[in-house]
Amino acid sequence: MRIEFVYFDLGNILLAFDPGIGCGNVAERFGVTAESVQNAIYTSGLQDALEHGSIGGDEFAAKVRGTLGLSEDKLPTGELLEAISDMFTPIAGMAELMDQVRLRHRRVGLLSNTCFAHWDFIRRQSYPMFVKPLDVTVVSYEVGAMKPQAKIYAVAEELAGVHPRQILFIDDREENVEGARRRGWNAEQCFGGPAAIEIVDRYLAIP
C-alpha cells in the first residue's frame, strides 16, 4: 500500500540531544556536580516519570531539589526546566526531508517520547524542521504512555487516520521500531540525516 503518512521520532532523528549537556547546565548554574544532577534526574527515574506524564514540572523540580539539597529560591522550577532542556541541535537535512515528504503530497507527524519541558523549549526555538506546522504531534507526556507501549502507537494511528500499512515511522531505537511493526506499520531504525533520507526515498518511491 502507498505510504500516506510519515511519522518522525524527535531525538536523534530530527534533533540530536545530549542529556550530559543539560546536567552540565544545571551543575554550572546552581553550584552542584553534574553527576549528582544525573543521579537526581535520570538514574532516579524522574525523567521517565516526566516523559510518561505521571508527574508535572513542579513535582519534578521539588523532587530534584530534595535530592540535591537545594531550596526553591536556589533552584527555581522554571530555571531548572530550562537548563535541562537546553541540549538540542538540529540534524542536517531533516527539515528539507520533511519538506520533500510534503511535496510528495504525504502528511508529516511527530511521534516522540518527551516531556513538557523539552517540548516547550523546542517550540520556542527557531529550529527549521518546526517552522512549518506538523499534521499530527504525538508526545508521550500527553498520551500517558511511552514507546514501545502499544497505547502511544494506537493514538498516533488514530490521529493519522490511515491504514497502518500506509504509515512510515522512523526512530533511533530498535524496540520502538518493533513496537510500530507490531501494529502493522512500516518502520525503520536510523539516526537521521542521509540514512533517513534514503529510507523516505525508498518507501515513497512505491506508487
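Located above this text is the structure these notes cover.
Draft legend 1. Focus on helix α10 (residues 174-182). Residues Asn 176, Val 177, Gly 179 and Ala 180 constitute the buried set of α10. All buried residues of α10 fall inside an arc of 155° around its axis, so they share one side. Those residues of α10 hidden inside the fold are in contact with α9 (150-160), β6 (167-171) and β7 (186-189). Count one or two residues on from α10 and you reach Gly 184, which has phi positive near 95°.

Draft legend 2. Expanded view of the side chain of Gln 166. Looking at the secondary structure, you find Gln 166 in the loop between α9 and β6. Among residues more than four places away in sequence, those in contact with Gln 166 are Met 1, Arg 2, Ile 3, Glu 4 and Phe 5.

Draft legend 3. Broad picture of the packing of aromatic side chains. Within the structure shown, the criterion is met by eight aromatic pairs. Taking 5.7 Å as the distance between ring centres and 10° as the angle between the ring planes, the aromatic pair formed by Tyr 7 and Trp 185 counts as stacked. Of this pair, Tyr 7 sits in strand β1 (residues 5-8) while Trp 185 is found in the loop between α10 and β7, placing the two residues 178 residues apart along the sequence. On the basis of relative accessible area, Trp 185 is assigned to the buried category, the value being 4%. Seen from their ring centres, Phe 116 and Tyr 141 are 6.2 Å apart, and the 80° between their planes marks the pair as edge-to-face. Highlighted residues: Phe 116 in helix α7 (residues 116-123) and Tyr 141 in helix α8 (residues 140-143), separated in sequence by 25 residues.

Draft legend 4. Main features of the pattern of salt bridges. Counted under the stated rule, the structure contains 16 salt bridges. Between Arg 124 and Asp 120 there is a salt bridge, with the nearest N and O atoms lying 3.1 Å from each other. On the basis of relative accessibility, which here comes to 23%, the residue Asp 120 falls in the partly exposed class. Connected through salt bridges with shared partners, the residues Glu 174, Glu 178, Arg 181, Glu 188, Glu 198 and Arg 202 form a single ionic network.

Draft legend 5. Layout of the pairing of β6. Among the five residues that make up β6, five are buried, leaving the element largely enclosed by the rest of the structure. Burial along β6 is two-sided: the face carrying Ile 167, Phe 169 and Asp 171 and the face carrying Leu 168 and Ile 170 are both buried. The pairing of β1 with β6 spans four bridges and is classified as parallel. Residue Phe 8 lies in a different strand from β6, and its bridge partner there is Ile 170. As paired strands, β6 and β7 are joined by four bridges and run parallel to one another. Pairing of Phe 169 across the sheet is with Ala 187, part of β7. Handedness of the crossover is the feature at issue here: the chain leaves β6, passes through α10, returns alongside β7, and the resulting connection is right-handed.

Draft legend 6. Spatial organisation of the sheet that holds β1. Reading across the sheet, the five strands line up as β5-β4-β1-β6-β7 and stay open at both edges, with parallel pairing between neighbours. Pairing within the sheet leaves two strands with one partner each, and these edge strands are β5 (136-139) and β7. Strand-to-strand, the axes of this sheet are offset by a mean angle of 20°, without reference to chain direction. Against the sheet, helix α6 (residues 94-103) contacts β1 and β4 (107-112), and its axis sits at roughly 165° relative to β1.

Draft legend 7. Seen up close, the nonpolar core. Ranked by size, the top nonpolar core spans 34 residues in total, and within it Phe 8, Leu 14, Leu 15, Met 94, Met 129, Phe 130 and Leu 168 carry the most contacts. Of all the secondary-structure elements, those providing two or more residues to this core are β1, α6, β4, α7, β6 and α11 (194-204). In this structure, Ala 49, Val 64, Ala 83 and Ala 117 belong to the second largest nonpolar core, which totals 22 residues.

Draft legend 8. Representation of the packing of α6 against α11 in the model. Relative to each other, α6 and α11 sit at 10°, their axes nearing to 10 Å. Considering their axes alone, α6 and α11 lie roughly parallel with respect to each other. Along its contact with α6, which presents Met 94, Leu 97 and Val 101, the element α11 presents Ala 196, Ile 197, Val 200 and Leu 204.

Draft legend 9. Spotlight on the layout of surface pockets. The calculated volume of the largest pocket comes to roughly 480 Å³. Phe 17, Glu 51, Asn 113, Thr 114 and Arg 173 are the residues nearest the centre of the largest pocket, which is lined by 25 residues in total. For the lining of the largest pocket, the secondary-structure elements that each account for two or more residues are α2 (34-43), α3 (46-52) and α10. With three residues, the top contributor of residues to the lining of the largest pocket is α3. For the lining of the largest pocket, the class distribution of residues is eight nonpolar, nine polar and eight charged.

What counts, and where the lines are drawn
- Residues numbered from 1 in each chain as written.
- Predicted model: local features only at pLDDT ≥ 70, side-chain atom pairs only at ≥ 80, totals over all residues.
- Heavy atoms only, no water.
- Buried < 20%, exposed > 50% of the residue type's maximum accessible area, 1.4 Å probe, protein only.
- Helix = DSSP H or I, 4+ residues; strand = E, 2+ residues; numbered from the N terminus.
- Arc of directions from axis to C-beta.
- Contact = heavy atoms within 4.5 Å.
- Phe/Tyr/Trp six-rings, centres within 6.5 Å; stacked < 30°, edge-to-face > 60°.
- Salt bridge = Lys/Arg side-chain N within 4 Å of Asp/Glu carboxyl O.
- Pairing = 2+ DSSP bridges.
- Right-handed = clockwise from strand over helix to strand, strands pointing away.
- Axes fitted to C-alpha atoms, helices over the stretch in contact; angles between N-to-C directions.
- Core = buried A, V, L, I, M, F, W, Y, C linked by side-chain atoms within 4.5 Å.
- Parallel < 35°, antiparallel > 145°, perpendicular 65-115°, else oblique.
- 1 Å grid on protein atoms, 1.4 Å probe; cavity = no way out; pocket = protein on both sides within 12 Å on 5 of 7 lines; lining within 4 Å.
- Points joined across faces, edges and corners; volume = space filled by probe spheres on them.
- Nonpolar A, V, L, I, M, F, W, Y, C, P; charged D, E, K, R; others polar.

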